[in-house]
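Coordinates in review
As a plain string of letters, each chain reads:
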Amino acid sequence: MRIAEISTPELRQSHNDSPSQSQPHQHLISQIESSIKQTENLSPEKLIPDTISGDLRRALTQLSHHAPFPNSLKLVIWKLSYRLWNACVDLSNTTSLRSLPSSKAEEHAKLRHIAADLLCVAGEVSGVPSPAIKSASFYHKTGVKWHELRKFDLASSCFEKATDLLSKIEISTVSDAGEKKLFLDLSIARSRTAWEVSDRNLAVALLNRAKSLLFGSPDHYKTLANQYSMFGKSALSNSESSSLNEALKLMNEALELYETGLLAARTRDETVDLKALRSKTLRFISAVHLQMNEFESVIKCVRVLREGDAGDQHPSLPVMAMKAWLGLGKYGEAEKELRGMVVNEGIPEGAWVSAVEAYFESAGTAGAETAKGVFLGLLGRCHVSASAAVRVSHRVLGESCSEGSKVRAKVVSELVSDDRVVALFSGEAAAKQRTAMHSVLWNCAADHFRLKDYVTSTDLFEKAMLYIPFDIENRILRAKGFRVLCLCHLGLSHLDQAQEYINEAEKLEPNIASAFLKYKIYLQKKDQDGAITQIQAMTTCLDFTPDFLSLAAHEAVACRALSIAVAALSSLLNFYAPGKSMPTSEVVVLRTLVTILTQEPGNELEALKFVKRVHNRASELGPNCFFGTGEVGRRERNWFAVTSWNLGTKTGTEKNYELCAEFYRLASEFYCLLVDGQVGENMVCKALILTISAIIASENQKKTTLPESEVKQAVQLLDRAGKILKSTLPGNQLSGDPVTTIEPDLYFIYTFCAYDIYGRLNDSGLQLQLVKTFASSKACNPKFLLQIGLTASLGPQSNHEVATFALNECLSVFLSSSSPDYQNVALIVRKLIAVTSIHKGDTDDDAVYNMYKQAYRIMVGLKDSEYPTEEGKWLAMTAWNRASVPVRLGQIDAARKWMDVGMQLAKHVNGMETYRACMEDFINGFENKIWCPK
């Protein structure tokens, strides 16, 4: 504001006398006036040069050295000060200090400061009324400018100079209202600056000091109370306990001043204004009590405000009252306040939303229904924004895993499905809020889904769909919603509903995710054909990857639908090609297939198909490439070899010898594969032996004869096994023993099978050599030899040489035992007699006779019945019967020989006493007949 320039008789006289001023003063005054003229001539567009304030400050400093000045010169200086001040005011009126660069704004303040200093240097002058007050006013206004520029040290300096000037004036002598106001404003300004530099004690002290400068003016009371209130609000922004106490104290001071000002008020406007400020302050005091958890005090403040003259209905009152009642644990009273907001149209949206949040946070799940009712009630009373709906829904939902989450989710579900709420989100203007609401519902539903609460998650996912527009841009999002609803109903085993949702999703976005979920539905419906068909449909999707077939197999195994799992993995095998990168190696897929197939009986033939594929692929690609290298490759190869072996054992136990032979043959082939240069030769040999054994067993089972081609294959397998046996013999043994390489049972099986196969080639010599080699090995035991001997003595391919050798060797072993097995000894003797009788007959009667004599020697010395009685009777009677032909032919010596053996054998067999008596009678008669012929 411009200040009227001084125009008094003394000033005009001084102006006329100015040429008589002393030259030094004149020079400095001219310099100051020149700088002021330069300032006056500045245009608003032109910034103040930095040199003006510097020039003025230097001239002023030099001029102060010549003080005191005559009154005429003082008047000149005062005029120059006023001119400089008015020039600054003119510049301020056209340009805001805040719009200037900080350096130029400070330059402006410096010029004002110089104007104030000019008055101070000049001192009091005659002819100017209240010069000290005018000078103090300059300093006060300059200090305010420095304060605005946050130069608090300069502001404080100005205020202190102004205070010093006013301190010399007796307050009681001041009558002008503006001058009285200056005293108060200066004290308040000093207080504000002290507050800004955190000297709060000084700031409050200065305000307290200002209480003596009110002069009974309602406006003064209002101004001082406002400053107390401002300091209280500033302290209220700090949540520390000490700051809250300080804020409460300052607010109470303000309240007291407003009430005192009301007593001094004379006009209606003053009264209304002060009452409004008093109510506002009381509301702030209530807010401070609320922050300090002094809930009873809050209720008292609210009651005072409501019961006042005008009955304060400020929107903040029900919010504070509700929070105070909540703090006191009186939820019924809090609910009344909350519901009362519904009819109070003055409450802004932010206030009641905050109130709903506070009520729900305190009341918890029990307050969810109330929060919903309040929100829906507000919908019918005033415009509620979509943002408020999002905020309330998010607050009520809270944490999904917390207590009462299901109840809260149900309340929100009812809230967001209300047509009035859904209508809030229509149109492009609410697109952002619609997305936010969808996210809130979706995330909460997802949390419940992870907790396997499929009922709640289904409800929330369905409500989230309400906030997806029916347009092309959101088609994919809607499809995603349908898919997740399908998953929820799958979790609830509502398969028909799940199928409806996935069909809708597939219409919107036909992709692999939808196809896979359809597969899961078929799987859970136990629709095997539908699931297998859907597997093929999955492979036609544009975004299909082989991983989905692996996942499909995993799901099928989990449902124990093994045939579907096999179909999925079989389809996966079609995607393997040389050079093509796949997430899972082919050998792993095949291993999984075989594992699945072997979990249920009856799948051996199917398993054989995939095991053969493994062998073929390993042969094509190379073992190291197919199985892998190092330990991994060896484990993979050994797994298939062992599995083939185990399946061979299983099918052999089940008497499915044809499959058994195939599996053992594959086992031998797997063990032959080189992985890092290692071959399991021992296992190859064993597998080959068991393969041949199974082939022969299959032939016997089918009661057919092996074709010549298969016999040749069997011979080849035998040759391979024989070569391995020979190659693994210890080098330091001249007559190596295969039992050091394989188990005795397997060596016997090898010998037995080789005897059988070589017999088909009519190579009796090789058969005998095989048996002799076996008999000389450590693997040999009499039972093995007995079996070979019995086999060689029977059938169309019998070999009496092998039979005789094996049975004799067996007999020798039995007899050399400390406790011979006479049951087997008797069996061997009978078989030897039979073989000798058949193959030698009458040409070598002594050979048969010697067998009987050997049997007699065995029986001599045995206890009764130690030699099998029936076998003894058979020996005695067959020997006796052999004498019948010589008797008829008159071959007396031959007859005597057989009758004697028969008689001797009968003597060592219990139960043949009657036979012996008859024999003796016959012998006596025979002898008499010979010696006494007719």
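Rules used in this analysis
Each residue is numbered by its place in its chain's sequence as written, counting from 1. Given that the model is predicted, a residue must reach a pLDDT of at least 70 before its local features are reported, and side-chain atom pairs must reach 80 or more before they are shown or counted; all residues, however, enter totals for whole chains, interfaces and linings. Values reported for side chains reflect all heavy atoms of the structure, with hydrogen atoms and water molecules removed beforehand. Strands are runs of DSSP state E lasting at least 2 residues, helices are runs of H or I lasting at least 4, and numbering of each runs from the N terminus. To sort residues, take the accessible area from a 1.4 Å probe on protein chains only and compare it with the maximum for the residue type: under 20% means buried, over 50% means exposed, and anything in between is partly exposed. Contacts are assigned to residue pairs that have any heavy atoms within 4.5 Å of one another. Areas reported here follow the Shrake-Rupley algorithm with a probe of radius 1.4 Å; residue values treat only the protein chains shown as occluding. Note on geometry: axes are C-alpha line fits, over the in-contact stretch for helices, and angles between N-to-C directions span 0 to 180 degrees. In these notes the angle categories are as follows: under 35 degrees is roughly parallel, over 145 is roughly antiparallel, 65 to 115 is roughly perpendicular, and the rest is oblique. If you view the pair so one helix is near and one far, a crossing is left-handed when the near helix is turned anticlockwise from the far one by less than a right angle, and right-handed when it is turned clockwise. Under this grouping Gly is polar, as are all residues other than the nonpolar Ala, Val, Leu, Ile, Met, Phe, Trp, Tyr, Cys and Pro and the charged Asp, Glu, Lys and Arg. One fewer than the residue count of a helix, multiplied by 1.5 Å, yields its expected span. In plain words, nonpolar cores are sets of buried Ala, Val, Leu, Ile, Met, Phe, Trp, Tyr and Cys residues tied together by side-chain atoms within 4.5 Å. By the criterion applied in these results, polar contacts are pairs of N or O atoms within 3.5 Å in which, for protein atoms, one can donate a hydrogen and the other can accept it, and in which residues neighboring in sequence qualify only through two side-chain atoms. When a carboxyl oxygen of Asp or Glu lies within 4 Å of a side-chain nitrogen of Lys or Arg, that pair is called a salt bridge. Any two cysteine sulfur atoms within 2.5 Å of one another count as a disulfide. For every residue, the predictor states its confidence as a pLDDT score lying anywhere from 0 to 100. Under the pairing criterion, centres of Phe, Tyr and Trp rings, with the six-membered ring standing for Trp, must be within 6.5 Å; the plane angle then separates stacked pairs below 30 degrees from edge-to-face pairs above 60, leaving the rest tilted. For a lysine, the NZ atom is tested; for an arginine, the CZ atom; a charge sits over a ring if that atom is within 6 Å of the ring centre and within 35 degrees of the ring normal.

1. Points about the overall build of the protein chain
When its secondary structure is counted, the protein chain shows 45 helices and zero strands. Per-residue burial for the protein chain yields a buried fraction of 48% across its 934 residues. A fraction of 65% describes how many contacts in the protein chain between residues 6 or more apart in sequence connect residues 24 or more apart. About 45,400 Å² of surface is accessible on the protein chain, with carbon and sulfur atoms providing 52% of the total.

2. Brief notes about the packing of helix H28 (residues 562–573) against helix H29 (residues 586–597)
Viewed as axis vectors pointing N to C, H28 and H29 meet at an angle of 160°, and their least axial separation amounts to 10 Å. With respect to H29, the axis of H28 lies roughly antiparallel. Every pair of crossing elements has a handedness; the one defined by H28 and H29 is left-handed. For the pair formed by H28 and H29, the contact residues are Leu562, Ala565, Val566, Leu569, Ser570, Leu572 and Leu573 on the first element and Glu586, Val589, Leu590, Thr592, Leu593, Ile596 and Leu597 on the second. A class-by-class count of the residues in the contact of H28 with H29 yields eleven nonpolar, two polar and one charged.

3. Re the side chain of Ser53
Positionally, Ser53 belongs in helix H3 (residues 50–64). Taking relative accessible area as the criterion, Ser53 reaches 6% and is therefore assigned buried. Apart from the residues lying within four places of it in its own chain, the contact partners of Ser53 are Glu107, Lys110, Leu111 and Ile114.

4. Comments concerning helix H33 (residues 657–672)
With 16 residues, H33 should reach 22 Å at 1.5 Å per residue; the first-to-last C-alpha distance of 22 Å fits that figure. Looking at H33, one finds that the buried residues are Tyr657, Leu659, Cys660, Ala661, Phe663, Tyr664, Leu666, Ala667, Ser668, Phe670 and Tyr671. In this structure, the buried residues of H33 make contact with helix H30 (604–621), helix H31 (623–627), helix H32 (630–653) and helix H34 (681–702).

5. Points about the nonpolar core
Of all hydrophobic cores here, the largest spans 138 residues; its most connected members are Tyr519 and Phe627. The contacts of Phe627, once residues within four sequence positions are left out, are Val587, Val614, Ala618, Val632, Gly633, Glu636, Arg637, Phe640, Phe670, Leu673 and Val675. Judged by nonpolar contacts, the second largest core, of 77 residues, contains Leu236, Met320, Leu376 and Met465.

6. Description of the environment of Cys625
Looking at the element boundaries, Cys625 is found in helix H31. The class of Cys625 is exposed, set by a relative accessible area of 59%. Sequence separation between Cys625 and Val675 is 50 residues; the distance between their C-alpha atoms is 9.4 Å.

7. Some points on the environment of His554
You can see His554 is positioned in helix H27 (residues 547–558). For the pair His554 and Ala568, spaced 14 residues apart in sequence, the C-alpha to C-alpha distance is 9.3 Å.

8. Details of the side chain of Glu699
Positionally, Glu699 belongs in helix H34. Looking at Glu699, the relative accessible area reads 7%, which means it is buried. At 2.4 Å, the side chain of Glu699 forms a polar contact with the side chain of Arg760. Those residues in contact with Glu699, other than ones at most four positions away along the chain, are Thr704, Thr705, Leu706 and Arg760.

9. Observations regarding the pattern of salt bridges
Going through the model one piece at a time under the given rule, you end up with 39 salt bridges. Where Arg58 meets Asp55, a salt bridge forms, and the shortest distance between an N and an O atom there is 2.4 Å. Of the two residues, Arg58 and Asp55 are both situated in helix H3; the distance of three residues between them amounts to about one turn of the helix. Residue classification places Asp55 among the partly exposed residues on the basis of a relative accessible area of 31%. Note that Lys702 and Glu658 form a salt bridge whose closest N and O atoms lie 3.0 Å from each other. Of this pair, Lys702 sits in helix H34 while Glu658 sits in helix H33, placing them 44 residues apart in sequence. Within this structure, Glu586, Arg613, Arg617 and Glu620 form a network of salt bridges that share partners.

10. Quick look at the state of the cysteines
Taken as a whole and judged by the stated rule, the model has zero disulfides. Free of any disulfide, Cys810 has its nearest neighbouring cysteine sulfur in Cys780, separated by 8.3 Å. Here Cys810 falls in the buried class, since its relative accessible area comes to 0%.

11. A word on the confidence of the model for the protein chain
Taken over all residues, the pLDDT of the protein chain has a mean of 84, while the share at 70 or more is 89%. Low confidence marks residues 730–735, where pLDDT is under 50. Its contacts with residues over four positions away, or in another chain, come to one contact.

12. Observations regarding the packing of helix H7 (residues 152–167) against helix H8 (residues 177–196)
H8 packs onto H7 with a crossing angle of 150° between their chain directions and a minimal axis gap of 10 Å. On the basis of their axis angle, the class for H7 and H8 is roughly antiparallel. Crossing handedness for the pair H7 and H8: left-handed. Across from Phe152, Ala155, Ser156, Phe159, Glu160, Ala162, Thr163 and Leu166 in H7, the residues of H8 making contact are Leu182, Phe183, Leu186, Ala189, Arg190, Thr193 and Glu196. When grouped by side-chain class, the residues that make up the contact of H7 with H8 number nine nonpolar, three polar and three charged.

13. Focus: helix H14 (residues 316–327)
Two residues of an α-helix separated by three or four positions point the same way, owing to the 3.6 residues in each turn. The terminal C-alpha atoms of H14, which comprises twelve residues, lie 16 Å apart, in line with the 16 Å expected from a rise of 1.5 Å per residue. Most of H14 sits inside the fold, with nine of its twelve residues counted as buried. Those residues of H14 not exposed but buried are Leu317, Pro318, Val319, Met320, Ala321, Met322, Ala324, Trp325 and Leu326. Phi turns positive one or two residues past the end of H14, at Gly329, with a value near 80°.

14. A few points about the packing of aromatic side chains
Counting across every chain of the model gives 25 aromatic pairs. When the ring of Phe425 is compared with that of Tyr467, the centres are 4.9 Å apart and the planes differ by 85°; the resulting orientation is edge-to-face. Of the two residues, Phe425 sits in the loop between helix H20 (419–424) and helix H21 (431–450) while Tyr467 sits in the loop between helix H22 (454–464) and helix H23 (475–491), which places them 42 residues apart along the sequence. Tyr467 shares its class with Phe425; the two are buried. Between Phe748 and Phe774, the ring centres sit 6.0 Å apart and the planes meet at 50°, which makes this aromatic pair tilted. Of the two residues, Phe748 is situated in helix H36 (residues 744–760) and Phe774 in helix H37 (residues 764–775); the sequence distance between them amounts to 26 residues. Accessibility assignment for this pair places Phe748 and Phe774 in one class, buried. Ring-pair connections join several aromatic residues into one group, and the members of that group are Tyr747, Phe748, Tyr750, Phe752, Phe774 and Phe784. Against the face of Trp898 rests Arg882, its NZ or CZ located 5.5 Å from the ring centre. We note Lys897 situated over the ring of Tyr849; from NZ or CZ to the ring centre the distance is 4.9 Å.

15. Focus on the environment of Asp756
By secondary structure assignment, the location of Asp756 is in helix H36. Aside from chain neighbours lying at most four places away, what touches Asp756 is Ile696 and Gln797. For Asp756, the side chain forms a polar contact with the side chain of Arg760, separated by 2.8 Å.

16. Comments concerning unusual backbone geometry
We note that Asn293 has phi near 60°; this positive angle belongs to a residue other than glycine. Mapping Asn293 onto the fold places it in the loop between helix H12 (268–291) and helix H13 (295–306). Phi is positive for Lys526, close to 60°, though the residue is something other than glycine. Residue position: Lys526 is located in the loop between helix H25 (512–524) and helix H26 (528–538).

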